[in-house]
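Structural overview for review
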Amino acid sequence: MTTPKKLFIKTYGCQMNVYDSERMAEALGGKGYVETQTPDDADMILLNTCHIREKAAEKVYSELGRYKDLKAEKPDLKIGVAGCVAQAEGEEIIRRQPLVDLVVGPQSYHRLPAMEDAVRTGVKALDTDFPDDDKFETLKSRGKAKRGPTAFLTVQEGCDKFCAFCVVPYTRGAEVSRPADRIIREAQELVDAGVREITLLGQNVNAYHGHPQGLAGLIWELDKIDGLARIRFTTSHPNDMDDALIEAHGTCEKLMPYLHLPVQAGSDRILKAMNRKHTAESYIRLIERIRAARPDLLLSGDFIVGFPGETEADFEDTMNLIREVHYGQAYSFKYSTRPGTPAAEKPQLPDDVMNDRLQRLQALLRQQQTETQQSMVGRDVKVLFEKAGREDGQMIGKSEYLHAVYADAPASVLGTVQPVRIAAASPNSLAGKLQAD
Ligand code: 5AD
Ligand code: SF4
């Protein structure tokens, strides 16, 4: 038997990249690769990259530079760049960093095995096409090997929204939905391998149209899978929250009460300049409707501060929207200029103004998150246990609201959903006591 070759994949950015990395590892598994946790003993290093903000892209180049000595010691080592930086910069990566052998975009990674053959002959391989063939059909099925209790499943890719700040419509292309029957088949394979919770992924997941009833239709199909306990989805756009999906939050027991629904800003002037095609008011009314369907829903969001032209009054509108909505969790960013996007043409705000606003915004979001965490003390939640904790006898899982929850429990709880009474809260996790069923 030949010794397996080793593959080290480092993943940056969003959950869709986490899913793609798994699929790339599976594709290269067919060529005799097994994954390793360190670059030091790898025969191939793949960086699955993110281009959403400038810093994310720069990290890739600094990481590549670190492999210089490794490559000098081991000339057979092949280095590849995948993901959105690969898509956006293509050949430029090979020009800027000659250590790179292979560049593959997010829509063509099913061709990795053939590209691997090519780089082994000493040539460089580049593929950033948006091919007509469906990569998911070319990739192998998910395999029978036992998996952990949670998994991601990409159901939709790309974005047609063209928010003025965002590279996604350029790096990931137009919105494409996978057919529902294929997704159901993949979900069944995951459940057969031990998965209990599936998070449906898409850059604009609620614009999913691979089922006649949209994302809600797909969720109700997945609801029928025995052994699947929980369904989640991310990331959504406010304009695609249709009535059926809102209703499913109230009626589908497997759909968890957590929703990531980015608004980005709270000023109508800025929302218009961002090309968001909704107002602060319409977003707030939408949240009211979703909360009417599912009152205990935990809401999460994304915010950008310092978009070109943002005044102090615009920023205050964002703060007021946050106060009105109240988020259990949120992500916030300083505006980052992305070449090729419409906003990149506009004059930028000074960095100190952006830093100051980001700090104030994050303080408010932190306060709301802390309040939300504290409000859980004394409550009973259902925890899907995922792994052992650092302390002896401690197990870690997620509540239905996606809180990390610690509890003393036997290892037999792993992969099961158990009732836990919350006893203490910290900003990023909860601790509780396992209850008798
Ligand atoms: N600058 C800052 N944040 C951005 N995001 C997307 N593009 C940019 C940008 N140019 C943020 C948005 C989006 C999240 C994934 O990243 O908030 O929802
Ligand atoms: Fe980017 Fe806007 Fe599309 Fe989200 S909806 S991926 S922020 S363009």
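Preceding block: the structure.
The rules behind these values
- Residues numbered from 1 in each chain as written.
- Chains lettered and ligands numbered in written order.
- Predicted model: local features only at pLDDT ≥ 70, side-chain atom pairs only at ≥ 80, totals over all residues.
- Heavy atoms only, no water.
- Helix = DSSP H or I, 4+ residues; strand = E, 2+ residues; numbered from the N terminus.
- Rg over C-alpha atoms; globule rule 2.2 N^0.38 Å.
- Buried < 20%, exposed > 50% of the residue type's maximum accessible area, 1.4 Å probe, protein only.
- Contact = heavy atoms within 4.5 Å.
- Lys, Arg positive; Asp, Glu negative; His and termini not counted.
- Charge placed at Lys NZ, Arg CZ, Asp CG, Glu CD.
- Expected span 1.5 Å × (residues − 1).
- Arc of directions from axis to C-beta.
- Pairing = 2+ DSSP bridges.
- Axes fitted to C-alpha atoms, helices over the stretch in contact; angles between N-to-C directions.
- Salt bridge = Lys/Arg side-chain N within 4 Å of Asp/Glu carboxyl O.

Of regular secondary structure, the chain possesses 15 helices and 19 strands. Taken over C-alpha atoms, the radius of gyration comes to 22 Å for the chain, in line with the 22 Å a tight globule of 437 residues would show. Dimensions of the chain along its principal axes, counting C-alpha atoms only, are 60 × 60 × 45 Å. Considering the chain as a whole, with its 437 residues, one finds that 54% of them fall into the buried category. For the chain, the proportion of contacts with a sequence separation of at least 24, taken over those separated by at least 6, is 71%. The averaged location of the 64 negative side-chain charges in the chain is 2 Å from the averaged location of its 56 positive side-chain charges.

The terminal C-alpha atoms of helix 14 (residues 312-325) lie 20 Å apart, and with 14 residues this matches the ideal 20 Å at 1.5 Å per residue to within 8%. Residues of helix 14 that are buried include every one of Asp-314, Phe-315, Thr-318, Met-319, Leu-321, Ile-322 and Val-325, and no others. An end-on view of helix 14 places all buried positions within 155° of arc, on one side of the element. The exposed set on the far side of helix 14, more than 90 degrees from its buried face, consists of Ala-313 and Glu-324. Residues of helix 14 that are buried make contact with helix 12 (268-273), helix 13 (280-293), strand 13 (298-305) and helix 15 (351-374).

Another point: the sheet that holds strand 12 (residues 258-260). Taken in spatial order, the three strands make up an open sheet running 12-13-14, and their pairing is parallel. Sheet topology places strand 12 and strand 14 (329-334) at the edges, where each strand pairs with a single neighbour. The average angle at which neighbouring strand axes cross in this sheet is 10°, direction not considered. The pairing of strand 13 with strand 14 spans six bridges and is classified as parallel. Each bridged residue has a counterpart across the sheet, and for Gly-301 the counterpart in strand 14 is Ala-330.

Turning to the pattern of salt bridges, a few remarks are in order. Pairs can form between side chains of opposite charge whenever their charged atoms are close. Overall, the coordinates contain 42 salt bridges when judged by the stated rule. A salt bridge links Glu-63 to Lys-10; its shortest N-O distance comes to 3.4 Å. Here the residue Glu-63 occupies a position in helix 2 (residues 54-65), and Lys-10 occupies one in strand 1 (residues 5-11), the gap between them amounting to 53 residues. Judged by its relative accessible area of 27%, Lys-10 falls in the partly exposed class. When the shortest N-O distance is used, the salt bridge between Glu-197 and Arg-230 registers 3.5 Å. Note that Glu-197 is positioned in strand 10 (residues 197-201) and Arg-230 in strand 11 (residues 230-234), a separation of 33 residues in sequence. Since its relative accessible area comes to 2%, Arg-230 is described here as buried.

Bringing the environment of Val-381 into the picture now. Among the secondary structure elements, Val-381 is positioned in strand 15 (residues 380-388). Owing to a relative accessible area of 2%, Val-381 belongs among the buried residues under this scheme. Spatially, the C-alpha atoms of Val-381 and Val-420 are 5.4 Å apart, while their sequence positions differ by 39 residues. Setting aside its immediate chain neighbours within four residues, Val-381 contacts Met-376, Ser-399, Glu-400, Tyr-401, Gln-418, Pro-419, Val-420 and Ile-422.

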